[in-house]
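# An overview of the molecular structure
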Amino acid sequence: MISEEEVNARIAEIAAQINEDYKGEEIVAIGILRGGVYFCTELTKRITVPVILDFMEASSYGAATSSSGQVNITKDLIEDIAGRHVIVVEDIIDTGRTLSLLLDNLRARKPKSLKLCTLLDKPERRIVQVPVDYNGFVIPNKFVIGYGMDYAQKYRNLPYIGVVEGE
């Protein structure tokens, strides 16, 4: 769906915009595990302003197939984000449910600013609106793999974005 060259070029563009937006500032980039780790590391390698890297893992599903409406943080931040510029870095935004709850949780920690950066956005799947500040690609409602996104925990390591046929 999206070649390795296209992904790399777009990540460089997003990093350049972040560098411009935060000139003279320090940011905390929060990668959302597991899928967001690939995009987050590639993005932060291209950021030239001071950047602190941290990770979170969260779920609102538990053992169910639909969101519980409450976010369960399975790996929390090490860094204190109070009074700091924070950018949440996600691989893909789908329904927006879990991410919306996670952003509420982070807002309660009183960051100076809180922005959202995603590699992929599927707006036609959105149930809960979330503000996307930095967007790599808007994609159709297809099951995608690569660059952190998986199918049964496989294919995350593909350097491009592919589509699982028959899904």
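Every value quoted in this text rests on a predicted model; they were computed, and no experiment measured them.

Looking now at the overall build of the protein. A tally of regular secondary structure across the protein gives three helices and eight strands. Reading the secondary structure of the protein in the N-to-C direction produces α-β-α-β-β-β-α-β-β-β-β. Taken against the 2.2 N^0.38 rule, which gives 15 Å for 167 residues, the C-alpha radius of gyration of the protein at 15 Å falls within 12% of a compact globule. Judged by the C-alpha coordinates and their principal axes, the protein covers about 45 × 40 × 25 Å. For the protein, with 167 residues in total, the buried portion stands at 44%. The contacts in the protein between residues at least 6 apart in sequence include a share of 64% that link residues at least 24 apart. Surface accessibility of the protein: about 8,400 Å² in total, with carbon and sulfur atoms responsible for 49%. Computed over 19 positive and 24 negative side-chain charges, the inter-centroid distance for the protein is 3 Å.

On the surface, a cluster of nonpolar side chains totalling about 280 Å² of accessible area is made up of Phe143, Tyr151 and Tyr155. For Tyr155, the location among the structural elements is in the loop between strand E7 (144-145) and strand E8 (162-163).

Once that is clear, we can look at the environment of Met1. Mapping Met1 onto the fold places it in the segment before helix H1 (4-21). Dropping the residues within four chain positions of it, Met1 is found in contact with Glu6, Ile139, Pro140, Lys142, Val144, Ile161, Gly162 and Val163.

Counted by the stated rule, this structure contains 13 salt bridges. Where Glu13 meets Arg10, a salt bridge forms, and the shortest distance between an N and an O atom there is 2.9 Å. With Glu13 and Arg10 both in helix H1, this residue pair falls three residues apart, about one helical turn. Arg46 is paired through a salt bridge with Glu42; the nearest N and O atoms lie 3.0 Å apart. Given a relative accessible area of 25%, Arg46 falls into the partly exposed group.

Along the chain, Gly96 falls in the loop between strand E4 (85-93) and helix H3 (97-107). By relative accessible area, Gly96 is classed as buried at 6%. For the pair Gly96 and Tyr147, spaced 51 residues apart in sequence, the C-alpha to C-alpha distance is 20 Å. If we ignore the near neighbours within four places in the chain, the residues touching Gly96 are Arg126, Val128 and Val130.

This next bit is on the nonpolar core. One recurring pattern in soluble globular proteins: nonpolar side chains tend to sit buried together. Judged by nonpolar contacts, the single largest core of 28 residues is most densely connected at Ile18, Phe39, Leu43, Ile87, Leu119, Leu120 and Ile161. Those elements giving two or more residues to this core turn out to be H1, strand E1 (27-32), helix H2 (36-45), E4, strand E5 (113-121) and strand E6 (134-138). A per-element tally of this core places H1 first, with five residues. Leave out the neighbours within four places in its chain, and Leu43 touches Ile11, Ile14, Ala15, Ile18, Val89 and Cys117.

Cut-offs and rules
- Residues numbered from 1 in each chain as written.
- Predicted model: local features only at pLDDT ≥ 70, side-chain atom pairs only at ≥ 80, totals over all residues.
- Heavy atoms only, no water.
- Helix = DSSP H or I, 4+ residues; strand = E, 2+ residues; numbered from the N terminus.
- Rg over C-alpha atoms; globule rule 2.2 N^0.38 Å.
- Buried < 20%, exposed > 50% of the residue type's maximum accessible area, 1.4 Å probe, protein only.
- Contact = heavy atoms within 4.5 Å.
- Areas by Shrake-Rupley, 256 points an atom, 1.4 Å probe, with all protein chains shown as cover.
- Lys, Arg positive; Asp, Glu negative; His and termini not counted.
- Charge placed at Lys NZ, Arg CZ, Asp CG, Glu CD.
- Patch = residues over 30% accessible without salt bridge, like charges linked within 9 Å, V, L, I, M, F, W, Y side chains within 5 Å.
- Salt bridge = Lys/Arg side-chain N within 4 Å of Asp/Glu carboxyl O.
- Core = buried A, V, L, I, M, F, W, Y, C linked by side-chain atoms within 4.5 Å.

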